[in-house]
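Per-entry structural report
For reference, the chains in residue letters:
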Amino acid sequence: MKYLMMTVLTLLVGICTLMAQPINTPTLEKTLAVAKELEDKNDHLQALEWYEKAYEESEDRSLLYPIAMLAIKVKDYRKAERRVRSVLRRDEGLYPDAKYYYGKMLMMNEKYDDAIMELRDFIVETGDPKLKKLAQHGLQGAELAKRMPTAAGYAIDS
């Protein structure tokens, strides 16, 4: 009987201790504030992780563009391509340069035919002379890369 009472008492103390623990999940506002602060400090990798957490929590599509731009900065071109593609699916003119970045990410991921098509479309649509010039250079690069043989007969994996 003594052991039974000790066991029950230990279980009750354990349960009370577990229930008293605070929940340490930050709010969406706090997550975004940390992400912005890290981005301002040029800690792009950590900022990207915090923006991703905020997006997973809220599914706020306005976070996709900053995520894509940070993914470009940390050279995660596959993630950047996916995120910019998502931005373009419901593009409401908020990000006029998104098509340019999408073309660049396609090129970085060795999807040259798609990159050429996107960059050509962007060149026709844009009114920004600086981005138009960059897109023309990107287009030339994609066309050249498409014609280039693989280095020393080996396929280049990214």
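A few points on the structure. (Residues numbered from 1 in each chain as written. Predicted model: local features only at pLDDT ≥ 70, side-chain atom pairs only at ≥ 80, totals over all residues. Heavy atoms only, no water.)

A few words now on the side chain of Asp97. When you line up the elements, Asp97 lands in the loop between helix 5 (77-89) and helix 6 (98-108). It is Lys130 that comes nearest to the buried, bridge-free Asp97 among opposite-charge side chains, at 10 Å. At 2.7 Å, the side chain of Asp97 and the side chain of Tyr65 are in polar contact. In contact with Asp97, other than residues within four places in its own chain, are Tyr65, Phe122 and Leu131. (Helix = DSSP H or I, 4+ residues; strand = E, 2+ residues; numbered from the N terminus. Buried < 20%, exposed > 50% of the residue type's maximum accessible area, 1.4 Å probe, protein only. Lys, Arg positive; Asp, Glu negative; His and termini not counted. Salt bridge = Lys/Arg side-chain N within 4 Å of Asp/Glu carboxyl O. Polar contact = N/O pair within 3.5 Å; in protein donor to acceptor, adjacent residues only side chain to side chain. Contact = heavy atoms within 4.5 Å.)

What the rule picks out here adds up to 11 salt bridges. Between Lys36 and Asp40 there is a salt bridge, with the nearest N and O atoms lying 3.2 Å from each other. Placement of the pair is Lys36 and Asp40 together in helix 2 (residues 28-40), with a separation of four residues, close to one helical turn. Using a relative accessible area of 42% as the deciding quantity, one classes Lys36 as partly exposed.

Another point: helix 2. Between the first and last C-alpha of helix 2 there are 18 Å, a value that for 13 residues agrees with the 18 Å anticipated at 1.5 Å per step. Those residues of helix 2 that fall on the buried side of the exposure criterion are Thr31, Val34, Ala35 and Leu38. For helix 2, the angular spread of buried residues about the axis comes to 100°, placing them on one side. Residues of helix 2 that are exposed and point more than 90 degrees away from the buried face comprise Glu29 and Asp40. On the buried face of helix 2, the contacting elements are helix 3 (44-58). A positive phi of about 65° marks Asn42, the residue just after helix 2. (Expected span 1.5 Å × (residues − 1). Arc of directions from axis to C-beta.)

Below, the discussion takes up helix 4 (residues 64-73). Burial of helix 4 is extensive: eight of the 10 residues sit out of reach of the surface. Taken together, the buried positions of helix 4 are occupied by Leu64, Tyr65, Ile67, Ala68, Met69, Leu70, Ala71 and Ile72. At its buried positions, helix 4 is contacted by helix 2, helix 3, helix 5 and helix 6.

A cluster of nonpolar side chains, Met1, Leu4 and Met5, forms an exposed patch at the surface whose accessible area comes to about 390 Å². Note on placement: Leu4 falls in helix 1 (residues 2-19). Look at Leu4 and you get exposed, because its relative accessible area is 52%. (Patch = residues over 30% accessible without salt bridge, like charges linked within 9 Å, V, L, I, M, F, W, Y side chains within 5 Å. Areas by Shrake-Rupley, 256 points an atom, 1.4 Å probe, with all protein chains shown as cover.)

At Asn42, a position not held by glycine, the phi torsion is positive, near 65°. With respect to the secondary-structure elements, Asn42 resides in the loop between helix 2 and helix 3. In this model, Glu59 sits at a positive phi of 55°, which is unusual for a non-glycine residue. The topology assignment puts Glu59 in the loop between helix 3 and helix 4.

Moving on, we get to the nonpolar core. Within the largest apolar cluster, 37 residues are counted, with the highest numbers of intra-cluster contacts made by Tyr51, Leu63, Ile67, Met69, Val84, Tyr100 and Ala135. When residues of this core are traced back to their parent elements, those giving at least two are helix 2, helix 3, helix 4, helix 5, helix 6, helix 7 (112-125) and helix 8 (129-147). If we skip the residues at most four places from it in the chain, Ile67 touches Leu48, Tyr51, Glu52, Tyr55 and Arg83. (Core = buried A, V, L, I, M, F, W, Y, C linked by side-chain atoms within 4.5 Å.)

Ring pairs (aromatic) are described by centroid distance and by the angle formed between their planes. Considering all chains together, one arrives at three aromatic pairs under this definition. Centroid distance Tyr65 to Tyr95: 4.1 Å. Interplanar angle 15°. Geometry classified as stacked. Remark: Tyr95 occurs in the loop between helix 5 and helix 6 and Tyr65 occurs in helix 4; sequence separation between them is 30 residues. Residue classification places Tyr95 among the partly exposed positions, given a relative accessible area of 22%. (Phe/Tyr/Trp six-rings, centres within 6.5 Å; stacked < 30°, edge-to-face > 60°.)

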